[in-house]
Amino acid sequence: MVEAAKLDGREQSAAEAARWICPHGRHAAAGCGACYHAGGGEDPELPLWDVTVWFSSAAAVPVRALKDIRRHGRGYTLGQPSTPLVYLLTGQGRAATAAEAVAGLVGFLLVNEHITAPFTVTEIRAVRPAYL
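Residues numbered from 1 in each chain as written. Predicted model: local features only at pLDDT ≥ 70, side-chain atom pairs only at ≥ 80, totals over all residues. Heavy atoms only, no water.

Visitor: Can you tell me about the overall build of the chain, naming the residues and giving the values?
Guide: Scanning the chain from terminus to terminus reveals 4 helices and 5 strands. N-terminal to C-terminal, the α/β element order of the chain is β-α-α-β-α-β-β-α-β. A burial count over the chain gives 39% of its 132 residues as buried. Nonlocal contacts in the chain, meaning residues at least 24 apart in sequence, comprise 73% of its contacts between residues at least 6 apart. (Helix = DSSP H or I, 4+ residues; strand = E, 2+ residues; numbered from the N terminus. Buried < 20%, exposed > 50% of the residue type's maximum accessible area, 1.4 Å probe, protein only. Contact = heavy atoms within 4.5 Å.)

Shown next, in the form of structure tokens:
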């Protein structure tokens, strides 16, 4: 199962926006600290999601922060494609829905605000691998 949304500054339809609201009432692209903390659990009853978030930042993320995220323990990686100030954050998390999984990954940036300056999420994707 793949769920994705490209957030290009246009308004999402009400149905599309509702699909990306986490259990705490926040749009997944805005992030949710509660979803981030909940996603660290190892509840085998919840599906495991592979999540990818593209975002732009007002300032460059320090190279050290890009490398340190790998030590976080949740399999997160933060990379910078060839476009300046555009970043790719990936990780895994257990969550009931794609919206909750994405909100948790973006919530990582909120909880660890020292990593990046204010940011804008431009695209989100959550994949529930078929082999699980």
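Further notes follow.
Visitor: If you had to explain the pattern of salt bridges to someone new, which residues and values would you point to?
Guide: All told, the structure shown has 1 salt bridge when counted by the stated rule. The partner of R125 in a salt bridge is E123, and the shortest N-O contact between them spans 3.2 Å. A relative accessible area of 29% means that R125 is categorised as partly exposed. The exposure class assigned to E123 is buried, which follows from its relative accessible area of 16%. (Salt bridge = Lys/Arg side-chain N within 4 Å of Asp/Glu carboxyl O.)

Visitor: Got a sec to walk through the side chain of E100? Specific residues and values, please.
Guide: Counting through the fold element by element, E100 comes out in helix α4 (residues 98-111). Discounting chain neighbours no more than four positions away, the residues touching E100 are C22, P23, C35 and A95.

Visitor: Summarise the pairing of strand β4 (residues 86-94); cite the residues concerned and give the values.
Guide: Successive residues of a regular strand alternate their side chains across the two faces of the sheet. Taking every second residue as pointing to the same face, the buried face of β4 carries Y87, L89, G91 and G93, while none of V86, L88, T90, Q92 and R94 on the other face is buried. As paired strands, strand β3 (residues 77-79) and β4 are joined by 3 bridges and run antiparallel to one another. Looking at the pairing, L78 lines up with L89 of β4. Linking two consecutive strands that pair antiparallel, namely β3 and β4, is a turn of 6 residues; a positive phi of about 60° is found at L85 within it. (Pairing = 2+ DSSP bridges.)

Visitor: So what's going on with the environment of L88? Which residues, and what values?
Guide: Relative to the assigned elements, L88 resides in strand β4. Residues in contact with L88, not counting those within four places in the same chain, are T52, V53, W54, T77, L78, G79 and P81.

Visitor: Give me the state of the cysteines: which residues, what numbers.
Guide: Under the criterion given, the structure shown has 0 disulfides. The closest cysteine sulfur to the non-disulfide-bonded C32 is located on C35, 3.7 Å from its own sulfur. By relative accessible area, C32 is classed as buried at 3%. (Disulfide = S-S within 2.5 Å.)

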